[in-house]
Amino acid sequence: MSNSALVMIMESGARLRRGLLSRLGRWLVLVILCGFLAETAFAEPCCEQGLLFRLDPEASVQPSSWLFGTMHSDDPRVTRLPAPVLAAFDSALGVVLEVVPDAAMQEVSRAAMLLGPDERLSEQLPPALYQEIVIALAERGIPQAAAERLAPWAILLVLSMPPASTAPVLDLVLYQRAVESGKPVVGLETIAEQLSVFQTLSLEDQIVLLESTLRDRAQLPQVFAALLNAYLDGDLASLMKLGQTLAAEDPEIDARLRRALIDDRNRRMFERLAPILQQGGRFIAVGALHLPGPGGLLQRLQAAGVEVTRVY
């Protein structure tokens, strides 16, 4: 594998991890935008508008924390932080992200995207699908020799996102700002936990999703444009409704991914937020689609006695 191809894969992997939740294909956008958690029953929708919320745990004497919904995008309209968000960030004693996007995380991500030393992509996929993938990756500047080393799920994600640019996505902007200001940064999840969602997919499921992504990738610009507009409006309700307009091609795979990407992760992040909130003064940034709806973080926090106040 050439050095340039390896660098390209590393950059794709790093960008992929930083943009995991908002930059996937049509099938995964459906899962992400559907905020319904079948296993959890909450009464009323919570906070369907807004991106920044002040959090005050019951009977706490610690300073307020802040919950900010992000979109993993490098669009300047997204990465240019509004004044209320900047004020909350600057006042915080520490920063909490989904994962810490440091060099170690990027290396783990890159390594996970590669097949084993004795494995080849051409041996795992039907010949016709393999040829389609080689052509699609070549359009992204990834040669066939490099493609041979990529895991099918990694190709799925690479093809499901817009071509990489040199601009940092919002998550990285927040991380860099925290480092520059000397604020401690912790992650609610590990990169291994996030990657496991895809690594545990069967090869059959990966093939189904690859075929779907190749078939539908021409629609991605329109999907992301709608997603971006709703985010810039702070319209969490519309973000959720967007998912209802996209039909799942395989309901069984859809259900498994929804459970892994939404249900399980919302529960895990909420459980790990509890002790962090007791410390007070934290700026917490997670994908905006983890905030609203039945079983979203906002309702879970309210149910736990945390006062949630929309700020922006």
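Note that the coordinates shown come from a computational prediction; the quantities given were computed from them, not determined experimentally.

Student: What exactly am I supposed to notice about the nonpolar core here?
Tutor: Ranked by internal contacts, the top residues of the largest apolar core, which has 48 residues, are F68, L174, F283 and I284. Residues within four places of I284 in sequence aside, it is in contact with L55, S65, W66, L67, F68, V96, L188, L273 and L277. In terms of nonpolar packing, the next biggest core, distinct from the first, is built from 38 residues, L115, I142, L150 and I207 among them.

Student: Got a minute to help me understand the pattern of salt bridges in this structure?
Tutor: It is possible for side chains of opposite charge to pair when their charged atoms get near one another. One pass over the structure, following the stated rule, counts ten salt bridges. Within this structure, E98, E189, E193, R265, R268 and R272 form a network of salt bridges that share partners.

Student: Would you mind showing me how to read the packing of aromatic side chains here?
Tutor: The geometry of an aromatic ring pair is captured by two quantities: the separation of the ring centres and the angle between the planes. What the rule picks out here adds up to three aromatic pairs. Pairing F89 with F283 gives two aromatic rings, centres 5.1 Å apart and planes at 70°, and the pair type is edge-to-face. Pair noted here: F89 is in helix α4 (residues 83-91) and F283 is in strand β5 (residues 282-287), with a separation of 194 residues, a long-range link. A single burial state applies to F89 and to F283, both of which are buried. Ring geometry for W153 and F198: centres 6.1 Å apart, planes at 15°, overall stacked. Within this pair, whereas W153 is found in helix α8 (residues 152-159), its partner F198 is found in helix α10 (residues 191-199), the two being separated by 45 residues in sequence. Assessed through its relative accessible area of 4%, W153 is described here as buried. Taking relative accessible area as the criterion, F198 reaches 0% and is therefore assigned buried.

Student: Just to check I follow, could you spell out the side chain of R300 for this structure?
Tutor: By the secondary structure assignment, R300 is in helix α15 (residues 297-303). Put simply, R300 is tucked away with no salt bridge, and the nearest opposite charge, on E271, sits 6.9 Å away. There is a polar contact of 2.7 Å between the side chain of R300 and the backbone oxygen of G295.

Student: Can you help me understand the side chain of S73 in this one?
Tutor: For S73, the position within the fold is in the loop between β2 (65-70) and α3 (76-79). Polar side-chain contacts of S73 include one of 3.0 Å to the backbone nitrogen of D75.

Student: Explain helix α9 (residues 170-180) to me, please; I cannot follow it from the model alone.
Tutor: An α-helical turn contains 3.6 residues, so any two residues separated by three or four positions project in the same direction. For α9, the complete set of buried residues consists of L170, D171, L172, V173, L174, Y175 and A178. Downstream of α9 by one or two residues, G182 has phi in the positive range, about 75°.

Student: What is the right way to read the environment of L157 from this model?
Tutor: Relative to the assigned elements, L157 resides in helix α8. The sequence separation of L157 and L210 amounts to 53 residues, and the corresponding C-alpha distance is 9.0 Å.

Student: Sorry if this is basic, but what is going on with the packing of helix α6 (residues 127-139) against α8 here?
Tutor: When two helices pack together, their arrangement is given by the angle between their axes and by how far apart the axes lie. As a packed pair, α6 and α8 sit with axes 11 Å apart at the nearest point and diverge in direction by 45°. In terms of orientation, α6 lies oblique with respect to α8. Handedness of the crossing formed by α6 with α8: left-handed. Together, I133, A136 and L137 of α6 and I155, V158 and L159 of α8 make up the contact between the two elements. Along the lines of polarity and charge, the residues of the contact of α6 with α8 split into six nonpolar, no polar and no charged.

Student: Looking at this model, I keep getting lost on the confidence of the model for the protein chain. Mind explaining?
Tutor: It should be kept in mind that the predicted coordinates are not to be read in detail where pLDDT is low. The pLDDT averaged across the protein chain works out to 83; a share of 83% of its residues lies at or above 70. Contacts for the low-pLDDT stretch residues 2-45, under 50 throughout, to residues beyond four places or in other chains number 142 contacts.

Student: Mind showing me how you'd approach α10 here?
Tutor: Of the positions making up α10, those classed as buried are I191, Q194, L195, V197 and F198. The arc that holds every buried residue of α10, seen down its axis, measures 135°, which confines them to one face.

Student: Even after reading the chapter, I still don't get the sheet that holds β2, so can you show me in this structure?
Tutor: Pairing between sheet strands relies on hydrogen bonds along the backbone, with the strands arranged either parallel or antiparallel. Strands sit in the order β4-β3-β5-β2-β1-β6 across an open sheet of six strands; the sheet is mixed. Every other strand in the sheet has two partners, leaving β4 (185-187) and β6 (306-310) as the edge strands with one partner each. On average, adjacent strands in this sheet sit at an angle of 25° to one another, irrespective of strand direction. In this sheet, β5 lies alongside strand β3 (residues 94-97) in parallel orientation, the contact comprising four bridges. Across the sheet, L97 pairs through a bridge with A285, a residue of β5. Here α9 sits on the sheet and contacts β2, β3, β4 and β5; the angle it forms with β2, its principal contact strand, is near 145°.

Student: Would you mind going over the environment of R54 with me for this structure?
Tutor: Examined against the element boundaries, R54 turns out to sit in strand β1 (residues 52-57). For R54, a relative accessible area of 27% translates into the label partly exposed. Residues R54 and V306, 252 residues apart in the sequence, show an inter-C-alpha distance of 9.6 Å. Ignoring anything within four residues of it in the chain, the contact list for R54 reads S64, S65, W66, E307, V308, T309 and V311. Among the polar contacts made by the side chain of R54, one reaches the side chain of D56 at a distance of 3.2 Å.

Here is what the cut-offs are and how they apply
- Residues numbered from 1 in each chain as written.
- Predicted model: local features only at pLDDT ≥ 70, side-chain atom pairs only at ≥ 80, totals over all residues.
- Heavy atoms only, no water.
- Core = buried A, V, L, I, M, F, W, Y, C linked by side-chain atoms within 4.5 Å.
- Buried < 20%, exposed > 50% of the residue type's maximum accessible area, 1.4 Å probe, protein only.
- Contact = heavy atoms within 4.5 Å.
- Salt bridge = Lys/Arg side-chain N within 4 Å of Asp/Glu carboxyl O.
- Phe/Tyr/Trp six-rings, centres within 6.5 Å; stacked < 30°, edge-to-face > 60°.
- Helix = DSSP H or I, 4+ residues; strand = E, 2+ residues; numbered from the N terminus.
- Lys, Arg positive; Asp, Glu negative; His and termini not counted.
- Polar contact = N/O pair within 3.5 Å; in protein donor to acceptor, adjacent residues only side chain to side chain.
- Axes fitted to C-alpha atoms, helices over the stretch in contact; angles between N-to-C directions.
- Parallel < 35°, antiparallel > 145°, perpendicular 65-115°, else oblique.
- Left-handed = near helix turned anticlockwise from the far one by under 90°.
- Nonpolar A, V, L, I, M, F, W, Y, C, P; charged D, E, K, R; others polar.
- pLDDT = per-residue confidence, 0-100.
- Arc of directions from axis to C-beta.
- Pairing = 2+ DSSP bridges.

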